Amino acid sequence: MAAYVAGLNEKPFRAKQLMQWIHQRGVSNINDMSDLAKSFRATLLDKVEVLSLPVIKDEHATDGTRKWLLDVGAGNAVESVFIPEDDRGTLCISSQAGCAVNCRFCSTGRQGFSRNLTAGEIIGQLWFAEHLLRNDPNAIRRIEEYPTPGWEHTGRVISNVVMMGMGEPLLNYDNVVTALRLMLDDKAYGLSRRRVTVSTSGVVPMIDRLAQDCPVALAVSLHAPNDQLRDQLVPLNLKYPLRELLAACERYLPFAPRDFLTFEYCMLDGVNDSDIQAKELVRLLANIKCKVNLIPFNPFPESGLKRSSAQRIHAFASILLDAGMVATVRKTRGDDIAAACGQLAGDVVDRTRVRERAIHENQIKLDEEADAKVDADDLDLDEEEQEPEYQSERSVQWLKKLDD
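Residues numbered from 1 in each chain as written. Predicted model: local features only at pLDDT ≥ 70, side-chain atom pairs only at ≥ 80, totals over all residues. Heavy atoms only, no water.

K.L.:
How do you make sense of the overall build of the chain when you look at a structure like this?
P.N.:
Secondary structure assignment for the chain yields 15 helices and 12 strands. Residue burial in the chain is summarised as follows: out of 404 residues, 51% are buried. Across the chain, every contact between residues at least 6 apart in sequence was considered, and the portion connecting residues at least 24 apart equals 68%. Approximately 18,600 Å² of the chain is accessible, and the part contributed by carbon and sulfur atoms is 50%. (Helix = DSSP H or I, 4+ residues; strand = E, 2+ residues; numbered from the N terminus. Buried < 20%, exposed > 50% of the residue type's maximum accessible area, 1.4 Å probe, protein only. Contact = heavy atoms within 4.5 Å. Areas by Shrake-Rupley, 256 points an atom, 1.4 Å probe, with all protein chains shown as cover.)

Structure (structure tokens):
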């Protein structure tokens, strides 16, 4: 903004004024920016527009969650989700139209990938939601009834932002960091670093860059306690295996605004939810100060996966807690409008031909089916008697059969 104002031969303080009018006050009409000189307003009217992303769909869940489908042009649309809670209002923001990482439990990846969002399209989701919700009686009433300490006098509805929407944020690094800095800027949204979270599937070099450029809260999509299984669930693991990923996490910790990192673990029935895998996860994370967020899988068509039962999730969590780890089970929100974690799909013109390639790869696997079969007798072993390596092999073979 400062560079833009300088290019118009205006004084630097005009940048601050513009930032406050647009981001703090949500004003889009240049003529309403009353403390700008008339000559400057005339220049702006001739050169700029302040526009929101067009809204294609606005959906309300029974639990108060709200989801917007926003048009980003050329046949692409992304989704943003507002999650109201007693002590916070959280906005989940997208960073890409689609996603190239293609985690098998995530609906976004199944859509393929079109392009990175610009910094304006990323921060525009916050701009749109914040200023729309300020006129929502239900959102305002929630703030009045459950004020967040230190937040109640700002008049803002959104207290937390999570980069957990469509896309892998660290594969759109420059635009995401520009948007993050606007979220943190006191002349814009003034969010605390502790209240802004970037979720990554494990782009190791960018984790190191983020620690230096804009350290915010970090959440790592883990979902498996070993490389063999994670290769199947999170294909990026083939490039950045667990040893490299956890080393990057340890390097990030000194810069993190909190004194811990969050590891996200999607609970998949019969795939990654056994007692043995819980114990393996304890060993894996033993040297990292962290919280494990267990996420009940939110089903979507084509996944072929099922959510772990509540009893299994509780048993898994108990093993982590008994080992002295911090573990929570994420409450599923907005699943009746497909707004829950892993369900965001939007509308993407896929340049990566994900589905086409999947059909081709499945045909190859069918041709090699005999080599992928698991001895039926071995599958009858009691789970507690199986070694971790065998437990993982069983899950991997099951996932491969699911692809067939």
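K.L.:
Can you walk me through unusual backbone geometry in this structure?
P.N.:
Residues apart from glycine generally show negative phi values, whereas peptide bonds are mostly found in trans. The residue Asn-9 is not glycine, and still its phi comes out positive at about 60°. Of note, Asn-9 is situated in the loop between helix H1 (2-7) and helix H2 (13-24). Overall, Asn-9 belongs to the exposed group, its relative accessible area being 72%.

K.L.:
How should I be thinking about the pairing of strand E4 (residues 88-92) in this particular structure?
P.N.:
Each regular strand shows side chains that alternate between the opposite faces of the sheet. Counting buried positions along E4 gives four out of five residues, so the element sits mostly inside the fold. Both strand E3 (residues 76-85) and E4 contribute to a ladder of five bridges, which runs antiparallel. Opposite Val-81, over in E4, you have Cys-92 as the bridge partner. Counting the residues that bridge the hairpin from E3 to E4 gives two residues. Sheet analysis places E4 next to strand E7 (residues 160-163), joined by three bridges and oriented parallel. Each bridged residue has a counterpart across the sheet, and for Leu-91 the counterpart in E7 is Val-161. (Pairing = 2+ DSSP bridges.)

K.L.:
Would you explain the nonpolar core in this entry?
P.N.:
If you look at the biggest cluster of nonpolar residues, it comprises 107 residues, and the most contacted ones within it are Leu-126, Leu-180, Met-183 and Leu-210. When residues in this core are grouped by element, the largest group, eight residues, is from helix H7 (residues 173-184). (Core = buried A, V, L, I, M, F, W, Y, C linked by side-chain atoms within 4.5 Å.)

K.L.:
Looking at this structure, I do not really get the packing of helix H8 (residues 204-213) against helix H10 (residues 242-252). What am I missing?
P.N.:
Each packed pair of helices is defined by two parameters, the angle between the axes and the distance between the axes. Orientation of H8 relative to H10, taken along the N-to-C sense of each, is 0°, at an axis distance of 9 Å. As judged from the angle between their axes, H8 and H10 are roughly parallel. Here H8 contributes Val-204, Ile-207, Asp-208, Leu-210 and Ala-211 to the contact with H10, which in turn contributes Glu-244, Leu-245, Ala-248, Arg-251 and Tyr-252. Split into classes, the residues belonging to the contact of H8 with H10 amount to seven nonpolar, no polar and three charged. (Axes fitted to C-alpha atoms, helices over the stretch in contact; angles between N-to-C directions. Parallel < 35°, antiparallel > 145°, perpendicular 65-115°, else oblique. Nonpolar A, V, L, I, M, F, W, Y, C, P; charged D, E, K, R; others polar.)

K.L.:
How should I be thinking about the packing of aromatic side chains in this particular structure?
P.N.:
Tallying each qualifying case throughout the model produces two aromatic pairs. A ring pair is formed by Trp-68 and Phe-128, whose centres lie 5.4 Å apart and whose planes are at 85°; its orientation type is edge-to-face. Residue Trp-68 is located in strand E2 (residues 66-73), and its partner Phe-128 is located in helix H5 (residues 119-133); the two are separated by 60 residues in the primary sequence. Each member of the pair, Trp-68 together with Phe-128, is buried. (Phe/Tyr/Trp six-rings, centres within 6.5 Å; stacked < 30°, edge-to-face > 60°.)

K.L.:
So what exactly am I meant to see when it comes to helix H3 (residues 38-47) here?
P.N.:
Two residues of an α-helix separated by three or four positions point the same way, owing to the 3.6 residues in each turn. Regarding H3, the residues found buried are Phe-40, Arg-41 and Leu-44. Projected down its long axis, H3 carries its buried residues within an arc of 100°, all on one side. Set apart from the buried face of H3 by more than 90 degrees, the exposed residues are Lys-38, Ser-39 and Asp-46. In this structure, the buried residues of H3 make contact with H1 and H2. (Arc of directions from axis to C-beta.)

K.L.:
Mind showing me how you'd approach the pairing of E3 here?
P.N.:
The buried count for E3 comes to nine of 10 residues, which makes it a mostly enclosed element. As judged from the seven bridges shared by E2 and E3, these two strands associate in the antiparallel manner. Note that in E3 the partner of Arg-66 across the bridge is Phe-82. Connecting E2 to the antiparallel partner E3 that follows it, the hairpin turn spans two residues, and Ala-74 within it adopts a positive phi of roughly 55°.

K.L.:
Which parts of the structure should I look at to understand the environment of Ala-310?
P.N.:
Relative to the helices and strands, Ala-310 resides in helix H12 (residues 310-322). For Ala-310, a relative accessible area of 59% gives the class exposed. A C-alpha to C-alpha distance of 10.0 Å links Ala-310 and Val-329, two positions 19 residues apart in sequence.

K.L.:
How should I be thinking about the pattern of salt bridges in this particular structure?
P.N.:
Oppositely charged side chains may form a pair once their charged atoms are brought near each other. Per the stated rule, a full pass over the model turns up 15 salt bridges. With its nearest N and O atoms 3.5 Å apart, the salt bridge here joins Arg-88 to Glu-85. A salt bridge links Asp-275 to Arg-312; the shortest N-O distance between them is 2.8 Å. Of this pair, Asp-275 sits in helix H11 (residues 275-284) while Arg-312 is found in helix H12, placing the two residues 37 residues apart along the sequence. The exposure class of Arg-312 is partly exposed, given its relative accessible area of 21%. (Salt bridge = Lys/Arg side-chain N within 4 Å of Asp/Glu carboxyl O.)

K.L.:
What exactly am I supposed to notice about the sheet that holds strand E8 (residues 196-200) here?
P.N.:
Reading across from one edge, E1-E2-E3-E4-E7-E8-E9-E10-E11-E12 is the order of the 10 strands in this open sheet, with mixed pairing throughout. Since the sheet does not close on itself, it has two edges, and those belong to strand E1 (55-60) and strand E12 (326-329), each with one partner. Shown here is a sheet whose adjacent strand axes are inclined to one another by a mean of 20°, direction ignored. Packed onto the sheet, H5 meets E1, E2, E3, E4 and E7 and runs at close to 140° relative to E2. Those strands touched by H12 are strand E10 (261-267), strand E11 (290-296) and E12, and its axis lies near 175° from that of E11.

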